[in-house]
Amino acid sequence: MTAVQLPDFADELIAAMEVRDTNRVETPVIQPAEPFLDMAGEDLRRRIYLTENENGDSLCLRPEFTIPVCLDHIAGQVGTPRRYCYLGQVFRQRRVGGNEFYQAGIEDLGEPDIAVADARAISDAAGLLDQLLPQTELAITIGDQALFEAVVAGLGLPEGWQKRLIHAFGDETALSRMIESLASAQSSTVEENELGELIATGDISAIAAHISSVMEQTGYSTHASRSPGEIAARLVEKTELEKTRLSDEAFAALQTFLALDVPLAEAVSVLRDFSSSAGLEIGSALELFAARMSVIKSSGADISCMRWRAAFGRPLDYYTGLVFEITADGSVLAGGGRYDRMMTLLGATEEIPAVGFSLWVDRIEAERSGEGKRA
C-alpha cells in the first residue's frame with residue numbers, strides 16, 4: 001500500500017468539527033477483527049485486511065472509525081451524552097481510488113432526544129461539506145430502517161422472514177429477490193423419510209432426538225458445531241419459511257412502500273397516506289420520522305436538496321434507524337446513520353443511543369481540486 005498524505009484542508013476540517021462541541025479521538029490502527037466481522041456488513045467484511053497476534057487472536061487494519069470510537073468510549077467508562085470527532089487513515093481491499101485513505105467524522109453518543117441528534121448529524125455533515133466545498137451543489141438522500149422494520153412487522157410475516165428482509169435492507173437487488181420469492185407459492189423441500197416426516201410435525205424434541213441418534217450411530221460428536229436441538233429448530237424454521245407466502249395485498253403494500261421516493265418536505269404526508277391506505281400500523285416509527293423532520297425544518301436547513309427514499313439503506317449491518325448520504329456530481333462525500341443497538345453488543349452495560357457520520361476525505365479533495373472524480 002502506498003502511503004497517502006493528509007489533505008491541505010485537514011486543520012480546517014478538524015477545527016470545524018471541534019467547534020461543534022466534539023472531543024477529538026484517536027484510535028489504534030490495529031483493531032480486534034471480531035466486532036467488524038460480526039457487525040459491519042458483508043460488503044465491508046470482504047474488504048478487511050486480517051491478521052493475527054502471537055496468541056492467535058484475529059486482528060485487522062482499521063476499516064472504519066465508528067466501531068473503534070465506540071469501543072474506546074466503552075473502555076474509558078466515559079459518561080454520556082458525548083460527541084467525538086476523528087480524522088485518520090482507514091484500510092479497505094479492492095477499493096477504487098486506493099486501499100488506504102483518510103476518513104473524518106462525528107459520532108454522537110447518548111443524546112436522549114433521538115430526533116434532535118438525527119437532525120444534527122445531517123446538519124453537521126452538510127455544514128462541514130458546505131464549508132469545504134462552498135461552490136458545490138449537494139444532494140442529500142435520507143432513508144429510515146426503522147420505518148422499513150415497522151412496515152415488515154405490520155405485514156405479519158414470521159420472525160425469520162422479518163429478520164431476512166431487514167438484513168437485506170440497503171441491498172435493493174437482494175431485497176427485491178426475497179420479496180419476489182415471498183410472493184410466489186413455495187413448495188416444501190422436506191424429504192420423504194423418517195426425518196422428513198418428523199420435520200412435517202414440527203416436534204422439535206422428537207427431531208432433536210432423531211438427529212442425536214443418527215449422530216451417535218455415525219460417530220459424529222454431539223458436542224461439535226450446533227447441538228441437535230439447534231439443528232432441529234433451524235430445520236423447522238426453514239420449512240416454515242419455505243411455505244410462507246405474501247398475500248397479494250401485502251405484496252402490493254410492500255412494493256408500494258419501497259417505491260416511495262419524494263422530496264423530504266412531502267415525506268411525512270406521503271407516509272401517513274400510505275399507512276392509512278395499506279392499513280398498516282407504523283405509528284411510533286412514523287412519529288419519530290415526523291419529529292426529526294420538524295427539527296430539520298426548524299433548524300433553518302435547506303430541505304430543498306433533501307429527498308427521502310423508502311428503499312434507501314447503507315451497506316452496514318449495525319444501522320437501526322436514520323440513514324443518509326450526501327453526494328455531489330454523483331460521488332458520495334458523506335454517509336451515516338443511527339446505530340442504537342451496537343453499544344450494548346460491544347459491551348456497554350446500558351443502552352446508549354448513537355448516531356454518526358463519516359466524510360470521504362479523498363473524494364472531498366478531488367471535488368475541491370476540480371477533478372470531481374469518483375474515488
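Before going into details, it helps to say that this report is about the structure given with it. (Residues numbered from 1 in each chain as written. Predicted model: local features only at pLDDT ≥ 70, side-chain atom pairs only at ≥ 80, totals over all residues. Heavy atoms only, no water.)

1. A short note on unusual backbone geometry
This is how it is decided: What counts as a helix is a DSSP run of H or I of at least four residues, what counts as a strand is a run of E of at least two, and both are numbered from the N terminus. Whether a residue is buried, partly exposed or exposed follows from its accessible area with a 1.4 Å probe, protein chains only, as a fraction of its type maximum: under 20%, in between, or over 50%, in that order.
In this chain, T80 is followed by P81 through a cis amide linkage whose omega measures 5 degrees. Relative to the assigned elements, P81 resides in the loop between helix 4 (66–76) and strand 5 (82–91). Here the phi dihedral of Q77 falls at roughly 50 degrees; this positive angle occurs in a residue that is not glycine. Among the secondary structure elements, Q77 is positioned in the loop between helix 4 and strand 5. On the basis of relative accessibility, which here comes to 74%, the residue Q77 falls in the exposed class.

2. Concerning the pairing of strand 4 (residues 58–61)
For clarity, the cut-off: Think of it this way: DSSP has to see at least two bridges between two strands before they count as a pair.
Direction of pairing for strand 2 (residues 30–32) relative to strand 4: antiparallel, over a ladder of 3 bridges. Within strand 4, the residue paired with P32 across the bridge is L59. From the end of strand 3 (residues 50–52) to the start of strand 4, which pair antiparallel, there are 5 residues, and G56 there has a positive phi angle of about 85 degrees.

3. Observations concerning the packing of aromatic side chains
Here is the rule: Between the rings of Phe, Tyr and Trp (Trp by its six-membered ring), a pair exists once the centres lie within 6.5 Å; its type follows the angle of the planes, with under 30 degrees stacked, over 60 edge-to-face, and the other angles tilted.
Evaluation of the coordinates by the stated rule reveals 8 aromatic pairs. Note on F148 and F169: the rings are 4.8 Å apart at their centroids and 20 degrees apart in plane angle, and the pair reads as stacked. Taken as a pair, F148 in helix 6 (residues 145–154) and F169 in the loop between helix 7 (159–168) and helix 8 (172–182) lie far apart in primary sequence, 21 residues in all. This pair shows no difference in class: F148 is buried, exactly as F169 is. Plain terms: the ring middles of F289 and W308 are 5.7 Å apart, the flat faces sit at 70 degrees to each other, and that makes the pair edge-to-face. You can see F289 sitting in helix 14 (residues 283–298) and its partner W308 sitting in strand 9 (residues 306–309), a full 19 residues away along the chain.

4. A word on the pattern of salt bridges
Where charged atoms from two side chains of opposite charge approach closely, those side chains can pair. The condition that has to hold: Salt bridge, as used here: a side-chain nitrogen of Lys or Arg that lies within 4 Å of a carboxyl oxygen of Asp or Glu.
Inspection of every chain in the model, using the stated rule, returns 15 salt bridges. One salt bridge in this structure joins R83 and D108, with 2.9 Å as the shortest N-O distance. Pair noted here: R83 is in strand 5 and D108 is in strand 6 (residues 100–109), with a separation of 25 residues, a long-range link. Taking the relative accessible area as the measure of exposure, R83 reaches 8% and is therefore buried.

5. Comments concerning the side chain of S358
Operational definition: In protein, a polar contact requires one atom able to donate a hydrogen and another able to accept it; more generally it is a pair of N or O atoms within 3.5 Å, and residues adjacent in sequence count only if both atoms are side-chain atoms. By the convention used here, residues are in contact when the closest approach between their heavy atoms is within 4.5 Å.
Along the polypeptide, S358 turns up in strand 12 (residues 354–360). A residue is classified by how much of its surface remains accessible, and S358, at 12% relative accessible area, is buried. Within the structure, S358 has its side chain in polar contact with the side chain of Y86 (distance 2.7 Å). For S358, the residues in contact, after removing those within four places along its chain, are Y86, Q103, A104, G105, L333, A334 and G335.

6. Remarks on the side chain of R338
The residue R338 is located in strand 11 (residues 331–338) in this model. Given a relative accessible area of 3%, R338 falls into the buried group. Within the structure, the side chain of R338 is placed 2.7 Å from the side chain of D118, a separation counted as a polar contact. With near-sequence residues (within four places) excluded, R338 lies in contact with I114, A117, D118, Y318, Y319, T320, G321, L322, P353, A354 and V355.

7. Topic: the sheet that holds strand 9
Defined as follows: In this analysis an axis means a line fitted to C-alpha atoms, helices contributing only their contacting stretch, and an angle means the value between N-to-C directions, from 0 to 180 degrees.
Taking strand neighbours across the sheet as the criterion, the 9 strands line up as 1-5-6-12-11-10-7-9-8 in an open arrangement whose pairing is mixed. Two strands bound the open sheet, and with one partner strand each, they are strand 1 (23–24) and strand 8 (261–263). In this sheet, strand 12 lies alongside strand 6 in antiparallel orientation, the contact comprising 7 bridges. Its bridge partner lying in strand 12, A104 is registered against L359. Along the sheet face, helix 5 (residues 114–132) touches strand 5, strand 6, strand 7 (139–144), strand 9, strand 10 (322–328), strand 11 and strand 12 and points at about 10 degrees away from the line of strand 12.

8. Describing the sheet that holds strand 2
Pairing is antiparallel in the open sheet, where 3 strands are placed in the order 2-4-3. Lying at the two open borders of the sheet, with one neighbouring strand each, are strand 2 and strand 3. Within this sheet the neighbouring strands show an average axis-to-axis angle of 45 degrees, counted without direction.

9. Focus: the packing of helix 12 (residues 248–258) against helix 13 (residues 264–278)
Note the cut-off: Working definition: roughly parallel below 35 degrees, roughly antiparallel above 145 degrees, roughly perpendicular at 65 to 115 degrees, and oblique for all remaining angles.
Direction vectors running N to C along helix 12 and helix 13 enclose 175 degrees, while the axes themselves pass 11 Å from each other. The orientation of helix 12 with respect to helix 13, classified from their angle, is roughly antiparallel. Contacts between helix 12 and helix 13 pair A253, T256 and F257 from the former with L271, F274 and A278 from the latter.

10. Description of the environment of E149
Secondary-structure assignment places E149 in helix 6. Judged by its relative accessible area of 18%, E149 is buried. Separated by 136 residues in sequence, E149 and A285 place their C-alpha atoms 8.8 Å apart. Aside from chain neighbours lying at most four places away, what touches E149 is I166 and R341.

That's the geometry; what it means functionally is another story.
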